[in-house]
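# Structural features, examined
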Amino acid sequence: MCTLDNFKINTHGQIKSVKTSPLASKLIEMGLYPGKQVRVLFKAPFGDPLAVEVGDYTISLRKKEASLIEIDS
């Protein structure tokens, strides 16, 4: 299983799950829930933060936050 922080730029995938964490509810509220399609648009030079396309909008996530999102590519 791959997590969102390990995805390469322009890679598409579907969220399989969000790991249990104090941040999990915030990520789900932001639209990052199982079944949702995501695409990594940009990564900063050291990989933190990264821009992710979710539906019709783009969000910025820290690497730590992105590591909580398991992707089924």
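The structure we're discussing is the one just above.
What comes next concerns the included structure. (Residues numbered from 1 in each chain as written. Predicted model: local features only at pLDDT ≥ 70, side-chain atom pairs only at ≥ 80, totals over all residues. Heavy atoms only, no water.)

Here the focus is the nonpolar core. Of all hydrophobic cores here, the largest spans 18 residues; its most connected members are L4, L32, V38, V52, L61 and I69. Of all the secondary-structure elements, those providing two or more residues to this core are β2 (12–18), α1 (24–29), β3 (37–43), β4 (50–54), β5 (57–61) and β6 (69–72). At 3 residues, the largest contribution of residues to this core is made by β4. Setting aside residues no more than four positions away along its own chain, V38 makes contact with L4, T11, H12, G13, I15, L32, V52, E53, V54 and I71. (Core = buried A, V, L, I, M, F, W, Y, C linked by side-chain atoms within 4.5 Å. Buried < 20%, exposed > 50% of the residue type's maximum accessible area, 1.4 Å probe, protein only. Helix = DSSP H or I, 4+ residues; strand = E, 2+ residues; numbered from the N terminus. Contact = heavy atoms within 4.5 Å.)

This brings us to the pattern of salt bridges. This structure, assessed with the given rule, holds 2 salt bridges. Between E53 and R39 there is a salt bridge, with its nearest N and O atoms 3.2 Å apart. Of the two residues, E53 is situated in strand β4 and R39 in strand β3; the sequence distance between them amounts to 14 residues. (Salt bridge = Lys/Arg side-chain N within 4 Å of Asp/Glu carboxyl O.)

Its place among the elements puts Q37 in strand β3. On the basis of relative accessibility, which here comes to 46%, the residue Q37 falls in the partly exposed class. Along the sequence, Q37 and C2 sit 35 residues apart, while their C-alpha atoms lie 14 Å from each other. Those residues within four positions of Q37 in sequence are excluded, and the remaining contacts are G13, Q14, E53, V54 and G55.

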